[in-house]
Protein chains: 2
Amino acid sequence: MDEDLMVPLSPGEAGAARTVRRADNIHLQRIDVDKSARAAIKGQRAAVIWFTGLSGAGKSTLANCLERKLHASGRHTYLLDGDNVRHGLNSDLGFTEADRVENIRRVAEVSKLMVDAGLIVLTAFISPFRAERRYARQLLAEGEFIEVFVDVPLAIAEMRDPKGLYRKARSGKLPNFTGIDSPYEPPEAAEIVVRTGTQSLDESVAYLTSRLAAIGHHHSLALV
Amino acid sequence: MDEDLMVPLSPGEAGAARTVRRADNIHLQRIDVDKSARAAIKGQRAAVIWFTGLSGAGKSTLANCLERKLHASGRHTYLLDGDNVRHGLNSDLGFTEADRVENIRRVAEVSKLMVDAGLIVLTAFISPFRAERRYARQLLAEGEFIEVFVDVPLAIAEMRDPKGLYRKARSGKLPNFTGIDSPYEPPEAAEIVVRTGTQSLDESVAYLTSRLAAIGHHHSLALV
């Protein structure tokens, strides 16, 4: 067998800093079809477009609209959101702070795998903490992580309350709810800020699209 | 905002059977670009090709060879294996039985997401337990899960011992090692069985490819 394809990791790289039985029998193996080969097959450049903002800010709505546009342009996309992640991969997680952090960590790692697969990944999670968004960013190469802050005043998000979650949170039924009894840390240098409180959906999508097009690195996204 | 895109889940569907704070504020949202749309953009049909077998059986080698072939045919593939999963998404997991089961559960869930993204996913994990392979299978639609049993006698795998793991396990340094002090439950009805103990790598790949082509459902994979 072609086992010489397998290149042993040094013990340090293999995660020895963790616990004794973690990752110490893992070896790196050359994978012949790589990210650029996968993305090239579709004539696109892989990236993550990471939407962050309060519940009710419009992250999923914007991400859906953008995905439709990208798909119509022949781009190969995937949208990760609470629906497809919380019911499957992260169905073992609740909403304690630790579980919410682990939720986002896994989303970041899956995004990285999907970028490695050559996809344009859109993620739509509150992702309230700077540290977790920074973690997601540092998993990727320079320019591959585009943070989109869907900025809306809490009062407006709470007034919209499309899922009735703020009402529940105010009544104490949803502990650790972002904006109520858990903080939202606004991005300090998001690539794109969309203000859905003062713009219509159409205006927000148009602005988002134009900003994405303007981010030179992403001309290859061929957004119109 | 277009929040009427959001369709509330019934409480039962939303995971109420778990614990009180799990998944009870998740709502399904229509995602407009779906699996068939994503796969169609590449003229392929999404599926998981799930390699299972002892350490040293040749799973990763076969999966790599197959991926190269598929890629050369213009297919959009992704290979999940210990390297890209254990160092990232599952870096919090060790090798206790519980952690190994959780490792495979997450691989199954990520495979499902990637199939939803329209990819042909190859997975190369020992995945020793029937229950976990059954779990992976039932996440997918009929015909989307192709189990490839890389069948080799333990004696041969142990003789190859490409990573020195059997030696370590025999000396007691790797508890819960499949084939030594943890069982391998062979598939009872794998779609494909490749016997790498009695075939060369080229023969194994040729056989695997021809079997994949023969699985009528997968003619669209356009394997040669």
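A. View of the overall build of chain A. Helices and strands together make up the secondary structure of chain A, namely 8 helices and 7 strands. Across the 224 residues of chain A, 56% fall into the buried class. Nonlocal contacts in chain A, meaning residues at least 24 apart in sequence, comprise 70% of its contacts between residues at least 6 apart. In the form shown here, chain A has an accessible surface area of approximately 8900 Å², with 54% of it arising from carbon and sulfur atoms.

B. Up close: the nonpolar core. Formed by 44 residues in total, the largest nonpolar core has its most connected members in A:Leu80, A:Met114, B:Leu80 and B:Met114. Those elements that provide at least two residues to this core are strand E3 (47-52), strand E4 (77-81) and helix H4 (97-116) of chain A together with strand E3 (47-52), strand E4 (77-81), helix H3 (82-89) and helix H4 (97-116) of chain B. Sequence-distant contacts of B:Met114, that is, excluding residues within four places in its chain, are made with A:Leu113, A:Met114, B:Tyr78, B:Leu80, B:Leu119 and B:Val121. Counting residues in hydrophobic clusters, the runner-up holds 33 residues, among them B:Ile49, B:Leu70, B:Phe149 and B:Ala190.

C. Structural context of the packing of H4(A) against helix H5 (residues 130-138) of chain A. Residues and elements named next belong to chain A. Running from N to C, H4 and H5 cross one another at 15 degrees; their axes reach a closest spacing of 9 Å. Judged on the interaxial angle alone, H5 and H4 are roughly parallel. Here H4 runs over H5; the crossing is right-handed. On H5, the residues touching Arg100, Val101, Ile104, Arg105, Ala108 and Glu109 of H4 are Glu132, Tyr135 and Ala136. For the contact of H4 with H5, the per-class residue count stands at 5 nonpolar, no polar and 4 charged.

D. Molecular detail of the pattern of salt bridges. On inspection of all chains with the given rule, the structure shows 22 salt bridges over all chains. B:Glu102 is the salt-bridge partner of B:Arg106, the closest N and O atoms lying 2.7 Å from each other. Placement of both B:Arg106 and B:Glu102 in helix H4 is noted, with a separation of 4 residues, approximately one turn of the helix. Given a relative accessible area of 15%, B:Glu102 falls into the buried group. For B:Arg105, the salt bridge is made with B:Glu109, and the minimal N-O distance between the two is 4.0 Å. Of this pair, B:Arg105 and B:Glu109 both sit in helix H4, 4 residues apart, which is roughly one turn of that helix. For the pair formed by B:Arg105 and B:Glu109, the shared burial category is buried. Put simply, A:Asp92, A:Glu102, A:Arg105, A:Arg106, A:Glu109, B:Asp92, B:Glu102, B:Arg105, B:Arg106 and B:Glu109 are held in one network by salt bridges that share partners.

E. Representation of the sheet that holds E4(A) within the structure. All names here are of chain A. Reading across the sheet, the 5 strands line up as E4-E5-E3-E6-E7 and stay open at both edges, with parallel pairing between neighbours. Looking along the sheet, the strands with just one partner apiece sit at the ends: E4 and strand E7 (192-195). Direction aside, neighbouring strands of the sheet carry axes that sit 20 degrees apart on average. As judged from the 5 bridges shared by E4 and strand E5 (residues 120-124), these two strands associate in the parallel manner. In the sheet register, Leu80 faces E5, and the bridge partner there is Thr123. Against the sheet, helix H2 (residues 59-72) makes contact with E3, E4, E5, strand E6 (145-151) and E7, and its axis sits at roughly 165 degrees relative to E5, the strand it touches most.

F. Inspection of H3(B) at higher detail. Counting buried positions along H3(B) yields 7 of 8 residues, so the element is predominantly enclosed. Within H3(B), burial applies to B:Gly82, B:Asp83, B:Asn84, B:Val85, B:Arg86, B:Gly88 and B:Leu89.

G. How the structure looks around the sheet that holds strand E6 (residues 145-151) of chain B. Residue and element names in this part refer to chain B. The 5 strands are arranged E4-E5-E3-E6-E7 in an open sheet whose pairing can be described as parallel. Strands with a single pairing partner mark the edges of an open sheet, and in this sheet they are E4 and strand E7 (192-195). When strand polarity is set aside, the average angle formed by the axes of neighbouring strands in this sheet is 20 degrees. Relative to E6, E3 is paired through 5 bridges, and the arrangement is parallel. By the bridge assignment, Val48 is partnered in E6 with Phe145. Across the sheet, H4 touches E3, E4 and strand E5 (120-124), and the angle it forms with E3 is around 155 degrees.

H. Region of the structure containing the environment of A:Arg75. Turning to its location among the elements, A:Arg75 is positioned in the loop between H2 and E4. When the C-alpha atoms of A:Arg75 and A:Ile120 are compared, they prove to be 7.6 Å apart, with 45 residues separating the residues in sequence.

I. Representation of the environment of B:Ala63 within the structure. Residue and element names in this part refer to chain B. Note on placement: Ala63 falls in helix H2 (residues 59-72). By relative accessible area, which is 0% here, Ala63 ends up buried. Residues Ala63 and Phe149, 86 residues apart in the sequence, show an inter-C-alpha distance of 12 Å. In this structure Ala63 touches Phe51, Leu79, Leu122 and Ala124, once residues within four positions along its chain are discounted.

J. Fine view of the confidence of the model for chain A. Residues and elements named next belong to chain A. Taken as a whole, chain A shows an average pLDDT of 82; of its residues, 79% reach a score of 70 or greater. Confidence over residues 1-30 falls short of pLDDT 50; this stretch has 73 contacts with residues more than four positions distant or in other chains. Model confidence for the complex: the whole-complex pTM is 0.81, and ipTM, which rates the interface, is 0.79.

About the criteria used
The residue numbering used here restarts from 1 in each chain and proceeds along that chain's sequence as written. The lettering of chains begins at A and the numbering of ligands begins at 1, in the order of writing. The predicted nature of this model means local features are confined to residues of pLDDT at least 70 and side-chain atom pairs, given and counted, to a pLDDT of 80 or more, with totals for whole chains, interfaces and linings taken over all residues. Side-chain calculation: all heavy atoms of the structure are included, whereas hydrogens and water are not. Strands are runs of DSSP state E lasting at least 2 residues, helices are runs of H or I lasting at least 4, and numbering of each runs from the N terminus. Partly exposed describes any residue whose relative accessible area lies between the buried limit of under 20% and the exposed limit of over 50%, with all areas from a 1.4 Å probe on protein chains only and scaled to the type maximum. Here, two residues are considered to be in contact whenever any of their heavy atoms come within 4.5 Å of each other. Where accessible areas are quoted, they stem from the Shrake-Rupley method and a 1.4 Å probe; at the residue level, only the protein chains shown are allowed to cover. Buried Ala, Val, Leu, Ile, Met, Phe, Trp, Tyr and Cys residues form a nonpolar core when they are joined through side-chain atoms within 4.5 Å. Convention adopted: a line fitted to C-alpha atoms gives each axis, helices being fitted over their contacting stretch, and angles between N-to-C directions are expressed from 0 to 180 degrees. Any angle that falls under 35 degrees is termed roughly parallel, while one over 145 is termed roughly antiparallel, one within 65 to 115 roughly perpendicular, and all others oblique. Handedness of a crossing is defined here by the sense of rotation of the near helix relative to the far one, left-handed for an anticlockwise turn of less than a right angle and right-handed for a clockwise turn. Note on residue classes: Ala, Val, Leu, Ile, Met, Phe, Trp, Tyr, Cys and Pro are nonpolar, Asp, Glu, Lys and Arg are charged, and everything else, Gly too, is polar. We define a salt bridge as a side-chain nitrogen of Lys or Arg found within 4 Å of a carboxyl oxygen belonging to Asp or Glu. When DSSP finds two or more bridges between a pair of strands, those strands are recorded as paired. One number per residue, pLDDT, summarises how confident the predictor is, and it ranges from 0 to 100.

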